[in-house]
Amino acid sequence: MKSLFLFILSQLLGYVTSTDLIFLIDTSKSIFTFNNDYCNYNELIRNFTSELVGDLVECDLNYASIQYNSRGFTDYDFSNNNTYVYNKMKNYEFKYGAPTLIHTGLEHVVNLYDLHNETKTIYLILITDGETLNKDDFHRTLELYPFNSTELNNILIKIGTYVTNDVVFEEFLGNNS
């Protein structure tokens, strides 16, 4: 499955210039339930994101990473230094917290584009269990750039937890995924 994902993404990226790829990673308390004897969320995220960066080394990408729980955190601003990004993702520092407020992470994405707005194509890889507790702020944030851009491409990765709230997925899929 991952190789198919990489193939499709690399084919898409091969036809565009000035592309941003943003990792938006859920580090809320509800995601902790995914850590068990069979799978470790931290290792899953570190391996997936760093391998993706390594596999896309030939693409001219600007990477950024943001995580969210009750607050949003910008892990690093846009960088096209593949080695730097690979190392940041391979050694990803999780800032776990509660509750889940996705708009705090989305606001950091909006802030990235206050400084960086020459992008032609944006890929947002959202890794989450789908939960958010403040739906009004979530919907308000989605009205801002880059979320209102026709150049935004959402890639959603759902982590299986006990959470049955899929408002995040419903909204993103309804917009432009």
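Residues numbered from 1 in each chain as written. Predicted model: local features only at pLDDT ≥ 70, side-chain atom pairs only at ≥ 80, totals over all residues. Heavy atoms only, no water.

## Regarding helix 3 (residues 82-90)
For an α-helix, the turn length of 3.6 residues means that residues three or four places apart are oriented alike. Residues Asn 82, Val 85 and Met 89 constitute the buried set of helix 3. Seen end-on, helix 3 carries its buried residues on one side only, within an arc spanning 70 degrees. Of the surrounding secondary structure, the elements contacted by the buried residues of helix 3 are strand 1 (19-26), helix 2 (41-55), strand 2 (61-68) and strand 3 (72-79). For helix 3, the capping residue at the N-terminal end is Asn 81, with a side-chain oxygen 3.1 Å from the backbone nitrogen of Thr 83. (Buried < 20%, exposed > 50% of the residue type's maximum accessible area, 1.4 Å probe, protein only. Helix = DSSP H or I, 4+ residues; strand = E, 2+ residues; numbered from the N terminus. Arc of directions from axis to C-beta. Contact = heavy atoms within 4.5 Å. Polar contact = N/O pair within 3.5 Å; in protein donor to acceptor, adjacent residues only side chain to side chain.)

## Some thoughts on the packing of helix 2 against helix 3
It is the contact of helix 2 with helix 3, at a shortest axis distance of 8 Å, that shows an interaxial angle of 170 degrees. When the interaxial angle is binned, helix 2 and helix 3 end up roughly antiparallel. Residues Arg 46, Asn 47, Thr 49, Ser 50, Glu 51, Val 53 and Gly 54 of helix 2 form the contact with helix 3, whose participating residues are Asn 82, Val 85, Tyr 86, Met 89 and Lys 90. Residue composition of the contact of helix 2 with helix 3, by class: four nonpolar, five polar and three charged. (Axes fitted to C-alpha atoms, helices over the stretch in contact; angles between N-to-C directions. Parallel < 35°, antiparallel > 145°, perpendicular 65-115°, else oblique. Nonpolar A, V, L, I, M, F, W, Y, C, P; charged D, E, K, R; others polar.)

## Section: unusual backbone geometry
Omega for the bond connecting Ala 98 with Pro 99 falls within 30 degrees of zero, at -5 degrees, which places this linkage in the cis form. Geometrically, the link from Tyr 145 to Pro 146 is a cis peptide bond, its omega value of 15 degrees lying close to zero. With respect to the secondary-structure elements, Pro 146 resides in the loop between helix 5 (135-141) and strand 5 (152-158).

## Concerning the pattern of salt bridges
In this structure the tally under the stated criterion is three salt bridges. A salt bridge links Arg 46 to Glu 43; the nearest nitrogen and oxygen atoms lie 3.0 Å apart. Taken as a pair, Arg 46 and Glu 43 lie in helix 2 at a separation of three residues, close to a single helical turn. Notably, a salt bridge pairs Asp 137 with Arg 140, separated by 2.4 Å at the nearest N-O pair. In this pair, Asp 137 and Arg 140 both sit in helix 5, three residues apart, roughly one turn of the helix. (Salt bridge = Lys/Arg side-chain N within 4 Å of Asp/Glu carboxyl O.)

## Some details on the sheet that holds strand 2
Read from one edge of the open sheet, five strands run 3-2-1-4-5, paired in mixed fashion. Each edge of the open sheet is held by one strand with a lone partner, namely strand 3 and strand 5. Averaged over all pairs of adjacent strands, the angle between their axes in this sheet comes to 15 degrees, without regard to strand direction. Sitting on the sheet, helix 2 is in contact with strand 1, strand 2, strand 4 (121-128) and strand 5, with an inclination near 175 degrees to strand 1. Contacts from helix 3 reach strand 1, strand 2 and strand 3, with the element oriented near 160 degrees to strand 3. (Pairing = 2+ DSSP bridges.)

## Quick look at the side chain of Gln 67
Within the element layout of this structure, Gln 67 appears in strand 2. Owing to a relative accessible area of 0%, Gln 67 belongs among the buried residues under this scheme. Here Thr 27 takes part through its side chain, which lies 3.3 Å from a polar atom of the side chain of Gln 67. In terms of polar contacts, Gln 67 uses its side chain to reach the backbone amide nitrogen of Lys 95, at 2.8 Å. Beyond its immediate sequence surroundings of up to four residues, Gln 67 is in contact with Ile 25, Thr 27, Gly 72, Phe 73, Asp 75, Tyr 92, Glu 93, Phe 94 and Lys 95.

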